[in-house]
Amino acid sequence: MGDQMTTPAERKRLNYLNADYGVKSWLLATDHKRIALLYLLSITVFFFLGGLMAVGIRLELATPAGDLVQPDTYNRLFTMHGILMIFFFLIPSIPAVFGNFLIPLMIGAKDLAFPKINLASWYVYSIGGLFTLWSLIQGGVDTGWTFYTPFSTTYSNTYVIATALGIFIVGFSSIMTGLNFIVTIHRMRAPGLTWFRLPLFIWAHYATSLIQILGTPVLAITILLVGAERLFHIGIFDPAYGGDPVLFQHLFWFYSHPAVYIMILPSMGVISEIIAAFARKRIFGYKVVAFASVTIAVLGFLVWGHHMFVSSQSPFTGVVFSFLSMLVAIPSAVKVFNWTATLFEGSVSLDTPMLYALGFIGLFTIGGLTGIMLANLGIDIHVHDTYFVVAHFHYVMVGGAIMGYLGGLHYWWPKITGRLYPVFWSKLAALVVFVGFNLTFFPQFLLGYLGMPRRYYSYPEDFQVLNVMSSAGATVLGVGYLIPMIYLVWSMRYGKRAGANPWGAVGLEWETPSPPPTFNFDETPTVDHEAYEYTSPTETRVA
Amino acid sequence: MADAHPAGLAHHFESFEQQREASFFGMWVFLITEIMFFGGLFAAYVVYRSAHEEAFVLGSSLLDIRWGAFNTVVLIGSSLTMALSVWAARTSKRKLLVVFLLLTVLLGSIFLGVKAIEYSHKFHEHLVPGPSFAMDHFPADEAPYVQMFFNLYFMMTGLHALHMVIGIGLLLSLVVMAARGAFTPENHNLVEGVGLYWHFVDIVWIFLFPLLYLLGRSA
Ligand SMILES: [Cu+2]
C-alpha cells in the first residue's frame, strides 16, 4: 500500500498545513484541524511529563526501603503523575486531538459549530497547564489527584490552591470541547447523514461530550469550595468547622467516576473504526454499539458511591451502588462481544492500528472484569486502596484508553500528515508497548491481592520480586512510547506519501485528500448509505 | 471560497437558519452546564439543611425578607425588559432596542446595589463567616451551623451576583452594537442568546430567594 503515484499537481495542492506557514496562522487558527495539532503537541508534552513522574515512582519502588526520594517527594510524585495524566493528557487526548480533527470530516462539515470557542479551549487548556506546571516547579502538591478533605483543605502544606486552580481552569476547556461537539453533531451533519448512518466514533464522542458538559461543572464548583475552605476556613468540608468530608467525596466522584468514561468512550469509538476497517466488515450490531456508548454515559452518573464503600456509607447505599456499578459491565461487554463478532469471518489484516485495537480488547476486558470484582462490597473491602485498584484502573486507562489513542494515532496519521510511517518499527513498538504494559501492571494485581497498599514509598521485602518486575516493565513500556515519537516525527519529512485512502477504508474522512484542504471538502458531500459499507469481506484492498 | 457567503453568515454554515439553530443550541447546552454548576451548591445546601434544620432556620430569620422580596420584583421586571429587547430586535426597532437593553441594565444594577447593602449589613452584624463571626450570639451547638448557613448564603448569592455582573457586561456591549445597527430581523442571535442567559440568571434567583429567605420562616 501507499506507493500510489502522486502527480505533481496533486503534490502542490493546497491543504490545511501548507495554506499558511506563519506563527500567527497557527496561534490564531480557527481551523479545527490546526487546533487538533496544537492539542496534539501540548498533550504530548504533558504525557511525557506525567511519564517522568512515573519513572520516579517505579525507581523508588524497585527496592523495599525508601532510599531514592524523601517520603514527601514521593507523595508529590504520585500526585503530579495522576493530575498530569488524567486532567492534562487522558481527558483531552482523543476528543481534543482526533475528535477535533475528525468530527467535521466524518460528518461532512467545514468546521466545528464554534471555531473560535474551539481555539479558546486550547488557550484555556494551556493556561490551566501553565498554572499546574508553576505549582509543580514551586514544590508541587501531595494530596493525591483526589484532593480528599480535610487533608487538602487544612493539613497539606503544599500548593493545593494553585494546582486546584489549574484543574478548575482546564475543566472549562473540556466543557467547551464537549459543547462544541454536541452542537456540531446535532446541527452540522451533511445532507443525508442521519443519526444511524454516523460512524460509531461520532456516537462515542457524543456520549463523551454529554459527560463533559454534565460532570465537569460539578467538579468546578467542588474545587471552588475546596479553595474557599482552604482560604477562609469556612466549614464546607472540614469537620473542625462543622463540615462533612464525605460530601466532598460525593461531589468529587460524581464527576470523577464519569470522567473515566470521558477517557475510555472515545477510545472505544476509535476501536470501532479500526476493527471495521481491518476486518473489512460493518460493525456487528451497529445500533446496539451506538446505544451502548450512551448507556455507559448515563449509567456512569449513577455509580460514584463505589468509591466510598469504606467511608461511612450505609450498607444499604453500598449495595445499591454495588449493583449499579455492575450494570455498567453490560454495555461494556456488549461492545467487546460485538467487536469480536465483527472479527469473526472478517477479512482481518494485522496492520499497526489493528494490533493496538486487538491489544485494547484484551486489556480492556481484564480492566473491566477486575472492575466488576471491585464493585463487590466484600472484595472491595479486602483490596481497597491496594495495588489491585491501581492495576485495575491502569488496565482501563492505560491498557484501554492509551492503546486506543495510539491505535487512532497510527490509523489517522496518514490522513493528518499525508505521510506513512515505517511498518516494521510501528509493529515492533506496538508489541513492545503490549509486553511492557502487562509486565508493569499484571504484577500489581498480585501485589494488591497480597495486601500491598497504594501510595507508600517503601514496602516489606516479600513484595520485592513483583515490584522489580513492575519497574522493569515500566522501562520497557517507556521505550515502547518513545519509539513512535521518533518514527512519527521522522515520517513527517521522510515518510512515503499516503494518498487519500491508504487503508482502503470507508468513511467521509477518507474521501478527501491527505492532508485535507482547509475547508475539508471541495464540495459538501451527500450521504446515501450506512456507515462501514464494506461491500464484501473478501473484496481485495485497493493499492 | 467558491460560493459567495452573505455578510453576517460565518463561512462554515450553509444558511442563516443553520447558524441560528447552532447558536441557540449552543446557548442551551451552556445553560445546562450552568445548572450543573449551581446544582453542586444546591446539593450541598440541601444536605446540610436537612442535617441542621434548626440552625438554618435561625440563620434564615436573620436575612431581611423585604430586601429579598424587593430584589425578586426587580429581577422579574428585568426579565420583562429583556424579553421586550428581543422583540424590538426581531422587529428591527433600533431605538426601542437600546432603551429596553438600558432598562435591563438599570434593573440589574439596582439588584446588585441592594445586594451590596445587604452584604454590608451582614458585615456590620458580624454574620460574615470567618474569625469575626458572631459565634456567641447563638447556642453553642448551633453556632457552627449558623455560620455554615451564611457560608452557603454568601457562596450562592455571590456566584449569582457574579453571573449578574457578567450579564450586565454582555448587555452593555449589546447596547453599543444595537446603537450601531448591528442587528437585523434575520441576524440578532446575540440578543436572543444573551436574553436566554439573563432569564437563566433570573430563574436561579427565583430558586435562591425561597431557599435562603423563606423556608421555615413561618415556624
Ligand atoms: Cu468509579
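All values reported here derive from a predicted model rather than from experimental measurement.

Peer 1: What should I look at first to understand the interface of chain A and chain B in this one?
Peer 2: The figure often quoted for interface size is the accessible area lost as the parts come together. With 35 residues of chain A in contact, the opposing surface of chain B contributes 31 residues. Both faces considered, chain A and chain B share a buried interface measuring about 2900 Å² in area, 74% of it formed by carbon and sulfur atoms. Considering only the surface of chain A that becomes buried against chain B, Lys110(A), Arg187(A) and Ile221(A) emerge as the three largest contributors, covering 20% of it. Connecting chain A to chain B are 2 salt bridges. Note that Glu14(B) and Lys110(A) form a salt bridge whose closest N and O atoms lie 3.3 Å from each other. At the boundary of chain A with chain B, the tally comes to 7 residue pairs in polar contact (both at pLDDT 80 or more). Those elements that provide at least two residues to the side of chain A that touches chain B are α7 (160-187), α8 (200-232) and α9 (245-279) of chain A. Sort the elements by how many residues they give to the side of chain A that touches chain B and α8(A) lands first, with 9 residues.

Peer 1: Just checking my understanding: could you explain the coordination of the copper ion for this structure?
Peer 2: For a metal with four tetrahedral donors the ideal donor-metal-donor angle is 109.5 degrees, whereas six octahedral donors ideally subtend 90 or 180 degrees. Looking at the copper ion, the protein donor atoms are His257(A) (ND1), His306(A) (NE2) and His307(A) (NE2), and they sit 1.8 to 2.0 Å from it. His257(A) sits in the buried class, given a relative accessible area of 7%.

Peer 1: How should I be thinking about unusual backbone geometry in this particular structure?
Peer 2: Outside of glycine, negative phi angles account for most residues, and trans bonds account for most peptide bonds. Residues and elements named next belong to chain A. Of the consecutive residues threonine 149 and proline 150, the connecting peptide bond is found in the cis state with omega at 0 degrees. Omega for the peptide link from serine 514 to proline 515 comes to -15 degrees, which places this bond in the cis form. Structurally, the position occupied by proline 515 is in the segment after α17 (464-494). Phi at arginine 280 is positive, roughly 55 degrees, even though this residue is not glycine. Here arginine 280 shows up in the loop between α9 and α10 (286-300). Positive phi, close to 60 degrees, is recorded for tyrosine 532, a residue that is not glycine. Relative to the elements of secondary structure, tyrosine 532 occurs in the segment after α17.

Peer 1: Explanation requested: a nonpolar patch on the surface in the structure shown.
Peer 2: Residue and element names in this part refer to chain B. Among the surface-exposed residues, Phe70, Trp87, Leu96, Val99, Leu103, Leu106 and Ile110 lie close enough to one another that they form a single nonpolar patch of about 580 Å² accessible area. At 5 residues, the largest contribution of residues to the nonpolar patch is made by helix α4 (residues 94-124). Within the secondary structure, isoleucine 110 is located in helix α4.

Peer 1: Would you take a moment to explain the packing of aromatic side chains for this structure?
Peer 2: Two numbers describe a pair of aromatic rings. These are the distance of the centres and the angle of the planes. Counted under the stated rule, the structure contains 64 aromatic pairs over all chains. Aromatic side chains Trp490(A) and Tyr494(A) sit 5.8 Å apart centroid to centroid with 35 degrees between the ring planes, which places their arrangement in the tilted category. Placement of the pair is Trp490(A) and Tyr494(A) together in helix α17, with a separation of 4 residues, close to one helical turn. Directly above the ring of Phe25(B) sits Arg187(A), whose terminal nitrogen or CZ lies 5.3 Å from the centroid.

Peer 1: I would appreciate a short explanation of the nonpolar core in the present structure.
Peer 2: Generally speaking, soluble globular proteins have nonpolar side chains that are buried together. Counting 243 residues, the largest nonpolar core has Phe87(A), Phe98(A), Phe201(A), Trp412(A) and Leu152(B) as its most contacted members. Per-element tally for this core: the top contributor is α9(A), with 24 residues. When near neighbours in sequence (up to four residues on either side) are disregarded, Phe87(A) contacts Gly82(A), Pro92(A), Trp145(A), Ile167(A), Val170(A), Leu219(A) and Tyr255(A).

Peer 1: Looking at this structure, I do not really get the layout of surface pockets. What am I missing?
Peer 2: Rolling a probe over the atoms, with the probe sized like a water molecule, indicates the empty space that remains. Its boundaries defined by the atoms lining it, the largest pocket holds a volume of some 1500 Å³. Together, 44 residues line the largest pocket, and Phe114(A), Ile117(A), Ser23(B), Met27(B) and Leu190(B) are the ones closest to its centre. Mapped by element, the contributors of at least two residues to the lining of the largest pocket are α5 (115-138) and α7 of chain A together with α1 (16-51), α5 (143-179) and α6 (189-214) of chain B. For the lining of the largest pocket, the leading source of residues is α1(B), giving 9 residues.

Peer 1: Can you walk me through the packing of helix α4 (residues 71-106) of chain A against α7(A) in this structure?
Peer 2: The description of two packed helices rests on the angle between their axes and on the distance between the axes. All names here are of chain A. Running from N to C, α4 and α7 point in directions that differ by 20 degrees, and their axes come no closer than 11 Å. Here α4 lies roughly parallel to α7, going by the angle between them. Both α4 and α7 take part in a crossing whose hand is left-handed. Contact with α4, carried on its side by Ile83, Phe87, Phe88, Ile91, Pro95, Gly99, Asn100 and Ile103, involves Thr163, Gly166, Ile167, Val170, Ser174, Phe181, Thr184 and Ile185 of α7 and no other residues of that element.

Peer 1: What is the right way to look at the side chain of Thr149(A) in this model?
Peer 2: Residues and elements named next belong to chain A. Summarising the element assignment, threonine 149 is placed in the loop between α5 and α6 (151-155). Threonine 149 gets classed as buried once you look at its relative accessible area, which sits at 7%. Ignoring sequence-local partners within four residues, the contact set of threonine 149 consists of Val226, Phe237, Pro245 and Phe248.

Reading the values: rules and limits
Position numbers for residues start from 1 in each chain and track the written sequence from start to end. Chains and ligands are labelled sequentially in the order written, the chains with letters from A and the ligands with numbers from 1. Local features are withheld for residues below a pLDDT of 70 in this predicted model, meaning they are given only at 70 or higher, and side-chain atom pairs are given and counted only at 80 or more; totals for whole chains, interfaces and linings count all residues. Only hydrogens and water are removed before side-chain values are computed, so all heavy atoms of the structure are retained for them. A contact between two residues is defined here by any heavy atoms of the two lying within 4.5 Å. For any pair of parts, buried area is found by adding up, for both, the accessible area (1.4 Å probe) each one loses once the two are put together. Each reported salt bridge corresponds to a side-chain nitrogen of Lys or Arg within 4 Å of a carboxyl oxygen of Asp or Glu. Any pair of nitrogen or oxygen atoms within 3.5 Å is treated as a polar contact; in protein, a donor-acceptor pairing is required on top of that, and neighbouring residues in sequence qualify only through side-chain atoms on both sides. What counts as a helix is a DSSP run of H or I of at least four residues, what counts as a strand is a run of E of at least two, and both are numbered from the N terminus. Counted as donors are N, O and S atoms no farther than 2.8 Å from the metal, or 3.2 Å for Na, K and Ca; water is not among the atoms, and sites may therefore look incomplete. Each residue's exposure class comes from its accessible area (1.4 Å probe, protein chains only) as a fraction of the maximum for that residue type: buried when under 20%, exposed when over 50%, partly exposed otherwise. Two distance rules govern patches: like charges are joined within 9 Å, and nonpolar side chains (Val, Leu, Ile, Met, Phe, Trp, Tyr) within 5 Å, applied only to residues with over 30% relative accessible area and no salt bridge. Each accessible area is a Shrake-Rupley result for a 1.4 Å probe, and residues are judged covered by the shown protein chains and nothing else. For this analysis, a ring pair means two rings from Phe, Tyr or Trp (six-membered ring only for Trp) whose centres lie within 6.5 Å, classed as stacked if their planes differ by under 30 degrees, edge-to-face if by over 60, and tilted for the remaining angles. The criterion is that NZ of a Lys, or CZ of an Arg, lies within 6 Å of the ring centre and within 35 degrees of the ring normal, and then a charge sits over that ring. What we call a nonpolar core is a set of buried Ala, Val, Leu, Ile, Met, Phe, Trp, Tyr and Cys residues that are connected through their side-chain atoms within 4.5 Å. Grid points spaced at 1 Å over the protein atoms alone were grouped into cavities, where a 1.4 Å probe fits but cannot get out, and pockets, open sets with protein on both sides within 12 Å along at least five of seven lines, with lining residues defined by an atom within 4 Å of a point. Grid points are joined across faces, edges and corners, and a volume is the space filled by probe spheres set on the points. What counts as an axis is a line fitted to C-alpha atoms, over the stretch in contact for a helix, and the angles between N-to-C directions run from 0 to 180 degrees. Roughly parallel refers to an angle under 35 degrees, roughly antiparallel to one over 145, roughly perpendicular to one between 65 and 115, and oblique to any angle outside these ranges. Crossings are assigned a handedness: left-handed for a near helix turned anticlockwise from the far helix by less than a right angle, right-handed for a clockwise turn.

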